Amino acid sequence: MFDELFNKYGKVVYKSDDLKSPAAEVDDDAESLAFAVEMAKVASEVKAGDIKVLFVKPLVYWTRFFILTTAFSRPQIDAIGSRMRDLAEKKYGRVANGDVKPNAWTLLDFGDVVIHIFLPPQRTFYNLEDFYGNAMSVPLPFQDEPPPRS
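The structure presented is a predicted model; accordingly, all values stated were derived computationally and were not measured.

Definitions and limits used
Residues numbered from 1 in each chain as written. Predicted model: local features only at pLDDT ≥ 70, side-chain atom pairs only at ≥ 80, totals over all residues. Heavy atoms only, no water. Phe/Tyr/Trp six-rings, centres within 6.5 Å; stacked < 30°, edge-to-face > 60°. Helix = DSSP H or I, 4+ residues; strand = E, 2+ residues; numbered from the N terminus. Buried < 20%, exposed > 50% of the residue type's maximum accessible area, 1.4 Å probe, protein only. Pairing = 2+ DSSP bridges. Contact = heavy atoms within 4.5 Å. Axes fitted to C-alpha atoms, helices over the stretch in contact; angles between N-to-C directions.

A. The arrangement of the packing of aromatic side chains in detail. Tallying each qualifying case throughout the model produces nine aromatic pairs. Relative to Tyr126, the ring of Trp105 has its centre 4.5 Å away and its plane inclined at 45°; by these criteria the two rings are tilted. A residue pair is termed long-range when its members are at least 10 positions apart, and Trp105 in strand E4 (residues 105–109) and Tyr126 in helix H4 (residues 120–126) qualify at 21 residues. In this structure Trp105 comes out as partly exposed when scored by relative accessible area, which is 28%. Given the relative accessible area of 39%, Tyr126 is considered partly exposed.

Right, dumping it as structure tokens:
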């Protein structure tokens with residue numbers, strides 16, 4: 001079967017400079033993780049619910065981390081997305097591809113980190129946690145913090 005595919009489409013050829021060293025991969029993953037956790041913290045500050053960061057790099061070729069979060073209204077989706085875009089641009093010099101208008105499922109694609117902001121019915125319907133069930137869930141340090149006192 002593979003021989004037919006190779007004959008039809010050709011073989012993938014890697015040059016030695018195409019592959020990163022393991023140390024460089026770890027550095028990239030650490031940088032992406034720090035960015036993902038900071039974006040998840042922004043969602044938490046805007047009162048998003050059920051925030052999850054998933055390490056999906058072993059499962060997909062096009063990104064390292066997913067952030068899944070639930071907003072409870074379209075204005076809240078807009079607030080979460082706007083705060084994330086602002087912080088990413090100001091602090092990291094990064095601009096997201098993806099939705100600008102808040103939808104029931106809004107996507108912000110930063111390349112190595114892809115953020116999904118859902119309304120509850122869409123989060124339940126698409127159920128990305130189960131679809132990417134083999135992804136490692138990243139513990140978020142701010143979720144263990146007690147709520148601030150007024």
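B. Quick look at the sheet that holds strand E2 (residues 65–70). Pairing in this open sheet of six strands is mixed, and the strands run E3-E4-E5-E2-E1-E6 from one edge to the other. Either end of the sheet is taken by a strand with one partner, and the two such strands are strand E3 (97–98) and strand E6 (136–138). Bridge count for E2 against strand E5 (residues 113–118) is six bridges, and the pairing is parallel. In the strand pairing of E5, Thr69 is matched with Ile117. Across the sheet, helix H3 (residues 74–92) is in contact with E4 and E5; its angle to E5 comes to roughly 160°.

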